[in-house]
There are 2 protein chains.
Amino acid sequence: MRDQYHDELDAITASLVDITRLAGSAINRATQALLDADLQAAESVISGDAAIDQLYADVEARAMDLLARQQPVASDLRTLITSLRMVADIERMGDLALNIAKVARRRYPASAIPSPLHATVLEMGQVAQRIVTKCSSVIAGRDLEAAAELERDDDVMDELHKRLFTVLLDPGWKGGIESAIDVTLCGRYYERFCDHAVSVARRVIYLVTGERVAAAEF
Amino acid sequence: MRDQYHDELDAITASLVDITRLAGSAINRATQALLDADLQAAESVISGDAAIDQLYADVEARAMDLLARQQPVASDLRTLITSLRMVADIERMGDLALNIAKVARRRYPASAIPSPLHATVLEMGQVAQRIVTKCSSVIAGRDLEAAAELERDDDVMDELHKRLFTVLLDPGWKGGIESAIDVTLCGRYYERFCDHAVSVARRVIYLVTGERVAAAEF
């Protein structure tokens, strides 16, 4: 029985990695949609969110089922409860990519990001991609080094997020109010996307080391 | 043993109500801080968030302890897991009130909300207050009627949120870019505050009826 239990626990971890990859693919396509006014990319993120939601519901059901049937204790219980929390974070990452794709679709055929901000948003997309890739490694291999790097990447994201506002508030900003709203919202979505990845990494660190990393005020 | 177990479960529910009240008090003071440029109100929300975080950590620890010691099954297990999720939603509501208070502090001694938007933001604050009060009733008494009302209040919040953008995008908008950014962010914070309350209400409905309410794409 215990072996089957651990197989099921491993299968849940594998599903967490799968859903993280889907969220990563979503944020990449959302960034492309945003910068290139690529409607097809935006639509693929929007229609693809259902697969993330389905996998989320599936992981939840399997974790609840394991909890009820096997009544795990100690570290197994902690792992399972942590999986339930991580999957909620990752599902939310998918929603944030979806929000970005919707901004891109709303502004099509124009790009929602005026050209003076293209480079910064491109970099935000790249940092988000790095973060989500490391997030997968952290979940799959409990890789504490990747978790530490992920935190540093998140600091870079925070700097890029501040840079958006510096450009928006420059007297030379000619993008108008509508663009400022879009940029403000997209900046927030990227930042939150990465916050959730940080949260996942911290949960894994806590599982491995028992040391809780101080939660920043998101 | 079972009686003590249910006492502890009831105590967790009571703590969820307490933390919801704290989040409600925070959003009220944050709205006041925002509209009246009331620095003292803003500071009280900012310093008060630690109490919400502490109560959150406390509820988590007690729920995990109960899970490990009592190994509940069936509806008791579901109640406990749901409590863990609800407390995360409510803690996040506190963070969103904190974010609003920080916007108010950043703009002090000016008000972050230009006068043409005062009435709308005041109404958003009032709707948030109604929603959080109903959220407490839903948790404390599993009140399905209050849960249904809360959903309707959330629709009102969504309308108010749209109204903000209508004003910002009116050619007559004279508030400038900085104000547009503040209004966009605060609008998002109020909306998310209420989304989390809806999420709590839906979790309670699911506990009571076993029927999952379709999650809107937040």
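What this report covers is the structure whose coordinates are included nearby. (Residues numbered from 1 in each chain as written. Chains lettered and ligands numbered in written order. Predicted model: local features only at pLDDT ≥ 70, side-chain atom pairs only at ≥ 80, totals over all residues. Heavy atoms only, no water.)

Before going further, it helps to spend a moment on the overall build of chain A. Within chain A one finds 6 helices and 0 strands. For chain A, the N- to C-terminal ordering of α and β elements is α-α-α-α-α-α. Over its C-alpha atoms chain A spans a radius of gyration of 19 Å, differing by no more than 12% from the 17 Å that the globule rule assigns to 218 residues. On the principal axes, the C-alpha backbone points of chain A span a range of 65 × 35 × 20 Å. For chain A, the residues scored as buried account for 54% of the 218 residues in total. Across chain A, every contact between residues at least 6 apart in sequence was considered, and the portion connecting residues at least 24 apart equals 79%. (Helix = DSSP H or I, 4+ residues; strand = E, 2+ residues; numbered from the N terminus. Rg over C-alpha atoms; globule rule 2.2 N^0.38 Å. Buried < 20%, exposed > 50% of the residue type's maximum accessible area, 1.4 Å probe, protein only. Contact = heavy atoms within 4.5 Å.)

Right, let's talk about empty space enclosed by the protein for a bit. A full pass over the atoms with the stated rule returns 1 cavity of 30 Å³ or more. Considered as a void within the structure, the largest cavity measures approximately 60 Å³ in volume. (1 Å grid on protein atoms, 1.4 Å probe; cavity = no way out; pocket = protein on both sides within 12 Å on 5 of 7 lines; lining within 4 Å. Points joined across faces, edges and corners; volume = space filled by probe spheres on them.)

Time to look at the interface of chain B and chain A. On the chain A side, the residues contacting the 34 residues of chain B number 34 residues. Summing both sides of the interface, chain B and chain A together bury roughly 3000 Å²; the carbon and sulfur share of this comes to 60%. There are 2 salt bridges connecting chain B and chain A. B:Glu60 is the salt-bridge partner of A:Arg85, the closest N and O atoms lying 2.6 Å from each other. (Buried area = accessible area lost by both parts, 1.4 Å probe. Salt bridge = Lys/Arg side-chain N within 4 Å of Asp/Glu carboxyl O.)

Looking now at the packing of aromatic side chains. For the structure on display, the rule yields 0 aromatic pairs over all chains. In this arrangement the basic side chain of A:Arg78 is found over the ring face of A:Tyr206, its NZ or CZ atom lying 5.3 Å from the centre. (Phe/Tyr/Trp six-rings, centres within 6.5 Å; stacked < 30°, edge-to-face > 60°. Lys NZ or Arg CZ within 6 Å of the ring centre and 35° of its normal.)

The relation between the two chain copies is a rotation about an axis coupled with a shift along that axis. Note on the identical chains: chain B maps onto chain A by a rotation of 180° and an axial translation of 0.0 Å, with an RMSD of 0.0 Å. Both copies of the chain, as the preceding transformation shows, are related through a two-fold rotation axis. In this assembly the copies share their binding face: 100% of the residues contributing to the interface of chain B also contribute to that of chain A. (Least-squares fit on C-alpha atoms with pLDDT ≥ 70 in both.)

Turning our attention to helix α5 (residues 144-168) of chain A. Counted at 1.5 Å a residue, the expected span for α5(A) with its 25 residues is 36 Å, and the 37 Å between its end C-alpha atoms agrees. Residues A:Ala146, A:Ala147, A:Leu150, A:Glu151, A:Asp153, A:Asp154, A:Met157, A:Leu160, A:His161, A:Leu164, A:Phe165 and A:Leu168 constitute the buried set of α5(A). Where the residues of α5(A) are buried, they touch α4 (118-141) and α6 (176-209) of chain A together with α6 (176-209) of chain B. Of the residues flanking the start of α5(A), the one acting as N-cap is A:Asp143, its side-chain oxygen 3.1 Å from the backbone nitrogen of A:Glu145. (Expected span 1.5 Å × (residues − 1). Polar contact = N/O pair within 3.5 Å; in protein donor to acceptor, adjacent residues only side chain to side chain.)

This part is about the nonpolar core. Counting residues in each nonpolar core, the largest one holds 154 residues, and the members touching the most others are A:Leu34 and B:Leu34. In this view, B:Leu34 contacts B:Ile100, B:Val103, B:Ala104, B:Ser111, B:Ala112, B:Ile113, B:Val121, B:Cys186 and B:Tyr190; residues no more than four positions away in its chain are not counted. (Core = buried A, V, L, I, M, F, W, Y, C linked by side-chain atoms within 4.5 Å.)

Okay, the pattern of salt bridges next. All names here are of chain A. A full pass over the atoms with the stated rule returns 36 salt bridges over all chains. Across the salt bridge formed by Glu 178 and Arg 107, the nearest N and O atoms sit 3.0 Å from each other. Placement of the pair is Glu 178 in helix α6 and Arg 107 in helix α3 (residues 74-107), with a sequence separation of 71 residues. Glu 178 gets classed as partly exposed once you look at its relative accessible area, which sits at 38%. Via salt bridges that share partners, Arg 130, Lys 134, Glu 149 and Asp 153 belong to a single interconnected network.

Turning next to the side chain of B:Lys134. All names here are of chain B. Checked against the element boundaries, Lys 134 lands in helix α4 (residues 118-141). A distance of 3.4 Å separates a polar atom in the side chain of Lys 134 from a polar atom in the side chain of Glu 149. Apart from residues no more than four positions distant in its own chain, Lys 134 is found in contact with Ala 146, Glu 149, Leu 150 and Asp 153.

Bear in mind that shape data such as this cannot, by itself, settle questions of function.
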